[in-house]
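Geometric and topological summary
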Amino acid sequence: MFLANRVVILAVVLFAVVVIGFTITRSTGTPLYASLGVAVSEAIIEQRAEEMGLNEPIVVQFWTYATHLLLGDLGVSRISRIPVAEDIALKLPATAEMVFFTLVVSFIWAIPLGVRAGLRPNGKLAKLGEGMSQFGVSVPAFWLGLLFIFLLYFLPPRIPEPLGPLPNLFPPPLGRLGSVDPPEMVTGFYTVDALIAGDFRLAWQALWHLILPALTLSLTSGPPLFRVTRSAVSEALASPFVEAAYSYGLRRRQVLIRDVLRNASPPVLNLAAMTFGYLIGGGVLVEVVFSWPGIGSYAVWGMDNSDYDVVLGVVIIAAVIYVILYFIVDLIQFAMDPRLRD
Amino acid sequence: MATVSLQKERGVMARVFVGHSVGITIRRSLFFFMVLLAVVAPWLDDYSHLLPFPIHDPLRPDPFNPVAPPSAEHWFGTDTLGLDVFTRVLMATRVDFTLALIGVTLGGGLGCLAGAWAAYRRGWVDLVALRIVEVVQSFPVLLLGLAMFAALGSLDIFGPVDHGMAVLVLSISMVNFPLYLRQVRSVLLPLTEAEFVQAAKCAGLGAWGIVWNHFIPNARGQILALFPLTCAYAIQIIAGLSFIGLGIEPPNPEWGSMIKGGATLIVQGHWWVSIFPGAAIVLSVYSLTGFSARSETLVGPGGTSA
Amino acid sequence: MKSGSTGEALLALSGVEVTINTLSGPVHPLQGVDLEVFPGETVGLVGESGSGKSMTLRSILRLMPPGGAITGGAIKWQDRSVLDLDTDELQAYRGSDVVMIYQNPVSALDPMLSVERQIVDAFKANREVSDVVPEEFAREALRDLEFGNPDAIMNRFPHQLSGGMAQRVNIALALACGPSLILADEPTTGLDMTTQVRVLDLLERQVSARNAALLFISHDLRAVSRVARNIGIMYAGRVVEFGPRERILTEPSHPYAKALLECVDLRADERPRSIPGLVPRMTEEYELCAFRDRCSSRMAVCDEEPLPVHELGGRRRLLCHLGADHG
């Protein structure tokens with residue numbers, strides 16, 4: 001029942017996303033002038049409009065648009081003449097890898113600090129976590145990225161003697177590998193592909209390039225994870241079954257893992273997955289700052305060139321990924337929480 | 001409850017400043033200081049001889065002095081055109097604050113009404129409202145803005161209003177609409193069966209009358225708590241969109257586009273062009289969130305001793 | 001009689017005080033609790049809500065709420081001081097010596113774990129597993145609690161149990177620890193009438209079959225008198241009168257106990273009665289008698305001298321200026 005409801009919601013949202021995408025495409029003013037230039041005759045425009053099906057009734061147009069979309073046709077970039085879907089398929093792994101490592105970084109700081117803050121709300125680590133989240137929500141991600149580039153890439157080699165000059169701590173903000181050739185594409189994750197190719201140096205290089213973007217995104221997207229973890233843990237800790245578990249003589253460690261963390265984990269995993277889905281499209285600015293060749297940079301490139309099929313392609317893909325992840329989160333929830341299974 | 005009524009007896013300003021931790025008071029004062037700057041910004045240049053800091057024309061470049069580091073004459077240095085960063089950071093406060101305020105008020109106001117309406121009617125109205133919220137919220141915020149600019153990019157529908165600013169405001173409204181709808185709806189849903197609502201219905205008060213007279217006042221606390229947060233969020237979105245060249249066109253002073261202007265200079269060590277406007281964003285967001293930050297409880301749920 | 005004062009007390013509380021620091025200042029829910037439980041006996045504690053009953057049980061297990069601490073008095077388990085146990089000793093003491101059954105049976109069970117897992121874990125935490133298979137043990141434990149089909153129950157999760165079933169599972173869990181004393185915090189309050197009687201009977205039988213002691217608290221004097229041989233009356237963080245059930249039920253000495261009895265002992269034609277006045281606020285520490293504002297036998301000495309403790313023999317104890325046999 002719960003799942004059936006979720007499937008319906010998924011379908012409704014997907015449908016709405018398509019409708020909005022369609023409306024926006026149709027309303028982008030004069031797609032014909034845009035794609036043909038201004039200096040063309042009426043006849044050519046008319047012919048092109050016929051070709052593109054713009055003279056069909058709106059319902060037919062929508063049908064064509066929706067079916068094409070479902071078949072993965074997001075249009076063609078009018079600058080590069082490459083189908084948008086192909087470009088996105090090429091760039092999505094870059095974004096996904098960055099977002100994945102962002103979550104890895106968040107799992108290193110936000111969740112442990114959140115657990116700790118839930119267990120000891122007045123402790124030093126709780127204050128540290130709260131301070132970091134305050135900072136993280138106040139700081140624009142793109143600016144934080146620039147700050148890191150200045151402080152961690154530019155500044156260290158210029159430290160005067162006796163400490164300096166140091167070698168660059170981090171690579172220049174020029175994408176996934178700088179000028180090095182990427183590994184052979186298998187998963188699209190350079191770190192993983194390099195390991196598959198057996199090239200540990202390259203894998204390290206890829207990871208090295210990932211650190212600053214991931215750190216930037218993690219600091220700005222991690223605060224909700226910290227807060228949800230903290231409140232989930234403290235709520236679980238205050239529940240009667242935890243006191244009961246202590247009264248049965250269970251060890252503190254066992255109670256924390258068996259009862260507190262288990263009961264606190266569904267909302268945290270839920271939010272982690274949502275964060276992943278959100279950052280696929282939400283890391284646009286950080287991609288731009290680090291010249292990261294992901295779908296965010298692609299969308300901005302499209303915007304700069306008034307290439308609206310590119311922009312809309314990215315928007316739709318990001319929304320669809322988000323909605324599908326939302327659905328997967330529900331599935332995980334369903335598998336984890338016995339209460340939902342009935 | 002006693003403290004609440006006590007606070008009500010004091011004036012509004014007293015409530016804003018008194019009875020909070022030092023940190024909160026500082027943050028709030030900072031906010032009012034920034035608002036003051038935003039208000040007086042246009043006149044600063046005329047009275048610059050009276051001011052303790054050097055003010056320049058934010059739009060007049062100094063071609064002989066580009067990318068100059070911070071100095072007594074240019075506190076925050078100058079950018080690639082030789083424009084004074086300090087003055088421009090001050091002036092941008094006005095733009096960013098105003099656009100955020102308009103956008104949040106517009107989208108939030110509509111969201112409140114829609115949320116109240118959904119809670120009042122329930123049934124399919126409520127269902128549709130929730131679906132709309134879900135759909136809008138499944139787009140990452142910045143991509144939503146991007147899509148708005150893509151969709152409205154070449155349409156001339158705003159007349160004399162600056163196109164970029166208008167789309168920015170619409171984007172902010174779009175983002176805030178579902179936030180307020182959801183919040184207001186969740187507060188009011190339990191009230192729809194409440195006795196005073198039934199009584200109002202019996203008294204022949206129309207639907208909008210009930211929403212206006214009973215629902216909105218009940219949700220006021222929640223709305224007021226959400227407002228500064230969403231304004232802070234809106235400032236970040238405006239800056240973010242301007243950072244990728246959408247919204248406010250240079251050389252008009254705006255924090256995001258100023259950061260963009262200095263982004264490529266950072267790797268050469270010319271940090272001041274980007275860092276100062278960004279710091280202004282951080283300060284304004286931090287000061288704004290001081291209005292809804294609840295002080296941490298003294299005795300948290302520390303759990304049972306073991 | 002098991003309840004004679006011969007032999008050594010299993011558990012002895014003397015002058016136990018608890019303070020909780022809250023945002024609005026300190027609260028003193030226990031202000032000097034004296035109580036003994038002997039091996040195998042059933043003791044009942046009765047009092048209004050806020051009188052400190054639950055806190056007394058929690059102090060025995062040293063399970064304090066956030067900001068709470070035992071600030072005075074002594075708790076002895078046999079010849080050991082509970083307040084001096086270190087973490088490991090405390091963990092060993094909880095469960096295998098003393099265990100608690102909670103008021104809200106469903107929320108006292110971890111919602112994410114099966115019944116089997118919870119019983120097995122409690123069993124393993126307290127007993128050396130040698131020849132007994134824990135799963136087998138859990139099945140037996142449930143059968144003891146009159147579950148006809150233990151295997152079906154083992155695989156269930158707490159939300160799939162009714163209140164009565166959940167409380168029987170809680171009892172099975174508590175007994176699985178093999179304790180010598182079971183604390184029961186209003187174990188039947190949330191259940192309907194018929195289930196209450198059944199669960200109470202089961203608890204009593206299972207406890208006495210294992211020769212364990214039971215400390216049972218309730219605001220309901222009738223429920224307590226069904227199971228307990230000795231009854232204590234709590235008021236404002238103290239046990240103001242303690243004695244054998246017959247004595248407490250027929251001729252109590254403390255004015256509060258009398259008033260309480262009158263409230264319970266209703267005739268059909270009488271309207272329900274209540275004790276006039278307000279329950280004392282536990283933000284204060286009471287040197288003098290906390291009941292004197294509501295007391296019908298108030299004397300001058302009540303406003304002047306601290307509350308005396310009268311040991312009356314036969315385990316009777318009274319905290320009142322009226323003294324022993326005033327009728």
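Residue numbers restart at each chain and count upward from 1, following the sequence in its written direction. As they are written, the chains are lettered A onward and the ligands numbered 1 onward, keeping that order. Confidence filtering applies because this is a predicted model: local features only for residues at pLDDT of at least 70, side-chain atom pairs given and counted only at 80 or more, and all residues used for totals across whole chains, interfaces and linings.

Some points on the overall build of chain B
- Under the scheme used here, helices are H or I runs from DSSP no shorter than 4 residues and strands are E runs no shorter than 2 residues, and both carry numbers assigned from the N terminus. A tally of helices and strands in chain B yields 11 helices and zero strands.
- Listing each helix as α and each strand as β along chain B from the N terminus yields α-α-α-α-α-α-α-α-α-α-α.
- Burial in this document is a count-based property: other C-beta atoms within 10 Å of a residue's C-beta are tallied, and the residue is buried at 20 or more, exposed at 12 or fewer, or partly exposed in between, with C-beta positions derived from the backbone. Split into buried and exposed, the 306 residues of chain B put 45% on the buried side.
- It is the C-beta atoms, placed from the backbone, that decide contacts: two residues are in contact if theirs lie within 7 Å. If you take every contact in chain B between residues at least 6 apart in sequence, the share linking residues at least 24 apart comes to 70%.

Topic: the overall build of chain C
- The number of helices and strands found in chain C is 10 helices and 12 strands.
- The globule rule used for comparison is 2.2 Å times the number of residues to the exponent 0.38, while the radius of gyration itself is calculated over C-alpha atoms. The C-alpha atoms of chain C give 20 Å as radius of gyration, which agrees with the globular expectation for 327 residues (20 Å, within 12%).
- Dimensions of chain C, computed from the C-alpha atoms along their principal axes, are close to 65 × 50 × 45 Å.
- Here chain C, with 327 residues, has 46% of them falling under the buried criterion.
- Sequence-distant contacts in chain C: of pairs separated by 6 or more residues, those separated by 24 or more amount to 66%.

Digging into the nonpolar core
- Residues of type Ala, Val, Leu, Ile, Met, Phe, Trp, Tyr and Cys that are buried and joined through C-beta atoms within 7 Å form what is called a nonpolar core. Among the nonpolar cores identified, the biggest contains 270 residues, and A299, V311, V314 and V315 of chain A, L143 of chain B together with L215 of chain C are the most heavily contacted of them.
- Sorting elements by how many residues they give to this core places helix α4 (residues 85-121) of chain B first, with 18 residues.
- Those residues in contact with L215 of chain C that sit more than four places away from it in its chain are V37, V43, L45, L57, L181, L183 and A184 of chain C.

Some remarks on the confidence of the model for chain B
Residues and elements named next belong to chain B.
- The predictor attaches a confidence to each residue, and that confidence, scored 0 to 100, is pLDDT. Mean pLDDT over chain B: 80, with 88% of residues reaching 70 or higher.
- Averaged pLDDT values over the elements of chain B bottom out at 40 in helix α1 (residues 2-9) and peak at 92 in helix α11 (residues 272-289).
- Taken as a whole, residues 1-9 scores under 50 in pLDDT and shows two contacts with residues more than four places along the chain or in a different chain.
- Of the regions scoring below 50 in pLDDT, residues 294-306 engages in 34 contacts with residues more than four places distant in sequence or in other chains.

Section: the sheet that holds strand β2 (residues 25-37) of chain C
Residue and element names in this part refer to chain C.
- A strand pair is defined by DSSP finding two or more bridges across the two strands. Strand order in this open sheet of four strands is β2-β1-β4-β5, and the pairing throughout is antiparallel. With one partner strand each, in any of the chains shown, β2 and β5 (80-81) form the two edges of the open sheet.
- Note that strand β1 (residues 11-22) and β2 share nine bridges and pair antiparallel. Within the sheet, the bridge partner assigned to I20 lies in β2 and is V27.

Re the sheet that holds strand β9 (residues 230-235) of chain C
Residues and elements named next belong to chain C.
- Within the open sheet, the eight strands sit side by side as β6-β7-β8-β3-β9-β10-β12-β11. Their pairing is mixed. With one partner strand each, in any of the chains shown, β6 (98-101) and β11 (310-313) form the two edges of the open sheet. Adjacent strand axes in the sheet meet at a mean angle of 20° when their direction is disregarded.
- When strand β3 (residues 42-46) meets strand β8 (residues 213-218), the two strands line up parallel, connected through five bridges. Its bridge partner being in β8, V46 is matched across the sheet by S218. Throughout, an axis means a line fitted to C-alpha atoms (over the contacting stretch in the case of helices), and angles, computed between N-to-C directions, take values from 0 to 180 degrees.

Focus: the interface of chain A and chain B
- Tallying the contact residues gives 53 residues for chain A and 43 residues for chain B.
- Elements with a contribution of two residues or more to the side of chain A that touches chain B: α1 (2-27), α7 (141-154), α9 (200-237), α10 (240-247), α11 (252-282), α12 (284-289), α13 (295-304) and α14 (308-336) of chain A.
- Looking at the side of chain A that touches chain B element by element, the count peaks at nine residues for α14 of chain A.

A closer look at the interface of chain C and chain A
- Between chain C and chain A, the residue contacts involve 26 residues of the former and 18 residues of the latter.
- Where the side of chain C that touches chain A is concerned, the elements lending two or more residues are α2 (87-96), β6 and α3 (115-126) of chain C.
- Broken down by element, the residue count for the side of chain C that touches chain A peaks at five residues, all from α2 of chain C.
- Across the side of chain C that touches chain A, the residue classes tally to 15 nonpolar, eight polar and three charged. In this classification, Asp, Glu, Lys and Arg are treated as charged, Ala, Val, Leu, Ile, Met, Phe, Trp, Tyr, Cys and Pro as nonpolar, and every other residue, Gly included, as polar.

Focus on the pairing of β6 of chain C
Residue and element names in this part refer to chain C.
- Side chains V98 and M100 project from β6 onto one buried face, and the interleaved V99 and I101 project onto a second face that is buried too.
- Bridge count for β6 against strand β7 (residues 181-185) is four bridges, and the pairing is parallel. If you follow I101 over to β7, its bridge partner there is A184.

Some thoughts on the environment of L237 of chain A
All names here are of chain A.
- Tracing the backbone shows L237 in helix α9.
- Assessed through the 24 C-beta atoms surrounding it within 10 Å, L237 is described here as buried.
- The spacing of L237 and D337 is 100 residues in sequence and 18 Å in space, taken between C-alpha atoms.

Some details on the packing of helix α3 (residues 22-44) of chain B against α4 of chain B
Residue and element names in this part refer to chain B.
- Running from amino to carboxyl end, α3 crosses α4 at an angle of 115°, the nearest separation of the two axes being 8 Å. At the point where α3 passes α4, the crossing takes the left-handed sense. Packed against α3, whose contacting residues are M34, V35, L37, A38, A41 and L44, the element α4 presents L90, M91, T93, R94 and F97 at the interface.
- Of the residues contributing to the contact of α3 with α4, the split by class is nine nonpolar, one polar and one charged. Each crossing is labelled by how the near helix is turned from the far one, with a counterclockwise turn of less than a right angle marking it left-handed and a clockwise turn marking it right-handed.

Considerations on the packing of helix α5 (residues 84-119) of chain A against α14 of chain A
All names here are of chain A.
- One way to put it is that α5 packs onto α14 with a least axis distance of 10 Å and a crossing angle of 55°. Judged by the inter-axis angle, α5 sits oblique to α14. For α5 against α14, the interelement crossing comes out right-handed. Between α5, through V84, A85 and I88, and α14, the contact on the second element is made entirely by D309, V310, G313, V314 and I317.
- Classifying every residue of the contact of α5 with α14 by side-chain character gives six nonpolar, one polar and one charged. Should an angle lie under 35 degrees it is considered roughly parallel, over 145 roughly antiparallel, and from 65 to 115 roughly perpendicular; all remaining angles are considered oblique.

Considering the confidence of the model for chain C
Residues and elements named next belong to chain C.
- Of all residues in chain C, 93% attain a pLDDT of 70 or more, and the chain-wide mean is 87.
- In the predicted structure, residues 1-5 sits below a pLDDT of 50 and forms 10 contacts with residues beyond four places in sequence or in another chain.
- For this predicted complex, the interface confidence score (ipTM) comes to 0.89, while the overall pTM stands at 0.86.

Re the environment of A100 of chain B
Residues and elements named next belong to chain B.
- Here A100 is to be found in helix α4.
- Separated by 10 residues in the primary sequence, A100 and L110 have C-alpha atoms spaced 15 Å apart.
- In contact with A100, other than residues within four places in its own chain, are I172, C231, A234, I235 and I238.

Some details on helix α7 (residues 163-188) of chain B
- By this rule the span expected of a helix is its residue count minus one, scaled by 1.5 Å. With 26 residues, α7 of chain B extends 37 Å from end C-alpha to end C-alpha; this agrees with the ideal 38 Å at 1.5 Å per step.
- N176 of chain B marks where α7 of chain B bends most, by close to 30°; the proline P178 of chain B follows one to four residues later. Two axes define the bend at a residue: one fitted to the seven residues ending there, one fitted to the seven starting there, and the bend is the angle between them.

A few points about the environment of G296 of chain A
All names here are of chain A.
- Within the secondary structure, G296 sits in helix α13.
- With 30 C-beta atoms packed within 10 Å, G296 lands in the buried category.
- With 48 residues separating them in the primary sequence, G296 and Y248 have C-alpha atoms 53 Å apart.
- Ignoring any residue separated from it by four or fewer positions in sequence, one finds G296 in contact with T95, G283, V284, E287 and V288.

Brief notes about helix α6 (residues 141-152) of chain B
- The end-to-end C-alpha distance of α6 of chain B, which contains 12 residues, comes to 17 Å, matching closely the 16 Å that a straight helix rising 1.5 Å per residue would cover.
- Regarding α6 of chain B, the residues found buried are V141, L142, L143, L144, G145, L146, A147, M148, F149, A150, A151 and L152 of chain B.

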